[in-house]
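Structural overview
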Amino acid sequence: MVRMSVLADCLKSISNAEKRGKRQVLVRPSSKVIVKFLQCMQKHGYIGEFEIVDDHRAGKIVIELTGRINKCGVISPRFDVEIKDIEKWINNLLPSRQFGHIVLSTTFGIMDHEEAKRKRTGGKVLGFFY
């Protein structure tokens, strides 16, 4: 079977492992987008440490789970989001205003919607987690 989206596979395996109550999950293959997405999740405390294992192929990532993720997913296709439209996306994707994050790919790098608002930039929506 051909992998359409590496990021989607990664987030789905994290979500499934979280539902099963696992303490850690092995994700393969690795990519720069996955690493940045995981750093975003780690910054907000949704996952613990993660370690990138270089196997001279596509690479693997071992992620420590904390049990805080209720849902995480990819938005495909990667829609364009302007600053004024971020609020609409928050209402559509996240369960409430207090928690949850939308991850955007901007010209300043991959960041969550709060940081994008602070930097006053739009971008393409990658996914969400809460």
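What counts, and where the lines are drawn
Residues numbered from 1 in each chain as written. Predicted model: local features only at pLDDT ≥ 70, side-chain atom pairs only at ≥ 80, totals over all residues. Heavy atoms only, no water. Core = buried A, V, L, I, M, F, W, Y, C linked by side-chain atoms within 4.5 Å. Buried < 20%, exposed > 50% of the residue type's maximum accessible area, 1.4 Å probe, protein only. Contact = heavy atoms within 4.5 Å. Helix = DSSP H or I, 4+ residues; strand = E, 2+ residues; numbered from the N terminus. Phe/Tyr/Trp six-rings, centres within 6.5 Å; stacked < 30°, edge-to-face > 60°. Lys NZ or Arg CZ within 6 Å of the ring centre and 35° of its normal.

1. Brief notes about the nonpolar core
Ile14, Phe37, Leu38, Met41, Ile47 and Ile63 are the most contacted members of the largest nonpolar core, which has 24 residues in total. Setting aside anything within four residues of it in sequence, one finds Phe37 in contact with Leu7, Leu11, Val103, Leu126, Gly127, Phe128 and Phe129. In this structure, Trp89, Leu93, Leu94 and Tyr130 belong to the second largest nonpolar core, which totals 14 residues.

2. A few points about unusual backbone geometry
Trans peptide bonds make up the majority, and among non-glycine residues the majority have a negative phi. Looking along the chain, the bond that leaves Arg28 and enters Pro29 is cis, with omega of -5 degrees. Tracing the backbone shows Pro29 in the loop between β1 (24-27) and α2 (32-43). Cis rather than trans, the peptide bond between Ser76 and Pro77 has omega equal to 5 degrees. Structurally, the position occupied by Pro77 is in the loop between β4 (72-74) and β5 (80-81). Positive phi, normally seen in glycine, also occurs at His56, with a value near 60 degrees.

3. Comments concerning the packing of aromatic side chains
Enumeration over the complete set of coordinates arrives at five aromatic pairs. When the centroid spacing of 5.1 Å and the interplanar angle of 75 degrees are considered together, the rings of Tyr46 and Phe129 count as edge-to-face. One end of the pair, Tyr46, is in the loop between α2 and β2 (47-53); the other, Phe129, is in strand β8 (residues 123-129), and 83 residues separate them in sequence. Across the pair, Phe129 and Tyr46 agree in class, each one buried. Taking 5.7 Å as the distance between ring centres and 40 degrees as the angle between the ring planes, the aromatic pair formed by Phe79 and Trp89 counts as tilted. Separated by 10 residues along the polypeptide, Phe79 in the loop between β4 and β5 and Trp89 in helix α3 (residues 86-93) bring together distant segments of the chain. Taken together, the aromatic side chains of Phe37, Tyr46 and Phe129 make up a single cluster linked through ring pairs. Over the ring of Tyr46 we find Arg68; its NZ or CZ atom is 4.4 Å from the centre of that ring.

Function cannot be inferred from these measures alone, as they are strictly geometric.
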